Amino acid sequence: MSGNIYISILSAFLVSYLIRVLPLTLIRKPITNRFLKSFLFYVPYVTLAVMTFPAIIQATQSPVAGIAALIIGITASYFGASLFPVACISCAVVFIFELFLV
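What counts, and at which threshold
In every chain, residue numbers begin from 1 and rise along the written sequence. In keeping with the model being predicted, local features are shown solely for residues with a pLDDT of at least 70 and side-chain atom pairs are shown and tallied solely at 80 or more, while totals for entire chains, interfaces and linings include all residues. As a rule here, side-chain values come from all non-hydrogen atoms in the structure, and water together with hydrogens is ignored. Here a strand is any run of E in DSSP of at least two residues, a helix any run of H or I of at least four, and the numbering for each starts at the N terminus. Based on C-alpha atoms, the radius of gyration is set beside the globule rule, defined as 2.2 Å times the residue count to the power 0.38. Exposure is judged per residue with a 1.4 Å probe applied to protein chains only, and the accessible area is read against the type maximum: over 50% gives exposed, under 20% gives buried, and values in between give partly exposed. Residue contacts are counted whenever heavy atoms from the two residues lie within 4.5 Å of one another. Accessible surface area values rest on a Shrake-Rupley calculation with a 1.4 Å probe, where residue burial reflects the displayed protein chains alone. Axis definition: a line fitted to C-alpha atoms, over the contacting stretch in the case of helices. Angles run 0 to 180 degrees between N-to-C directions. Each angle gets one of four labels, with under 35 degrees taken as roughly parallel, over 145 as roughly antiparallel, 65 to 115 as roughly perpendicular, and the rest as oblique. Ten residues, namely Ala, Val, Leu, Ile, Met, Phe, Trp, Tyr, Cys and Pro, are considered nonpolar, four, namely Asp, Glu, Lys and Arg, are considered charged, and the remaining ones, Gly among them, are considered polar.

## Examining the overall build of the chain
Working step 1: Each helix and strand in the chain was counted, giving four helices and zero strands.
Working step 2: Seen in sequence order, the chain has helices and strands lined up from the N terminus as α-α-α-α.
Working step 3: The C-alpha radius of gyration of the chain comes to 21 Å, more than 25% above the 13 Å expected for a compact globule of 102 residues.
Working step 4: Dimensions of the chain, computed from the C-alpha atoms along their principal axes, are close to 55 × 50 × 20 Å.
Working step 5: When the 102 residues of the chain are sorted by exposure, 14% land in the buried category.
Working step 6: Taking the contacts inside the chain whose residues are at least 6 apart along the sequence as the reference set, 47% of them involve residues at least 24 apart.
Working step 7: Entry remark: accessible area of the chain is about 8700 Å², with carbon and sulfur atoms responsible for 76%.

## Observations regarding the packing of helix H2 (residues 34–58) against helix H3 (residues 63–78)
Working step 1: Between H2 and H3, whose axes approach to 6 Å, the crossing angle comes to 130°. Between H2 and H3, the angle falls in the class oblique. Two secondary-structure elements touch here, H2 through Phe-53, Ile-56 and Ile-57 and H3 through Pro-63, Gly-66, Ile-67 and Leu-70.
Working step 2: The residue inventory of the contact of H2 with H3, partitioned by class, reads six nonpolar, one polar and no charged.

Below, the structure written as structure tokens:
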């Protein structure tokens, strides 16, 4: 039983280490491909969006409140509101929706 734990930890270490080290050792020249550069530029934003948007909808008691807060928050930020007002508006929308709908 304990041998399996060490094998699991070692394999997780190797996979994590190789993912970080291989690009550094294999790619020595600057990347000149425009498609690859733009792909690598947007990877952090896509990763953040993939983790954030489902959490916004599932964090509320009803998905309708989360979707409404998401739409109104995007609209408020589109019209120039900064992060704190958008967060306050979205929280108020969720509170009002859950107060009257649930």
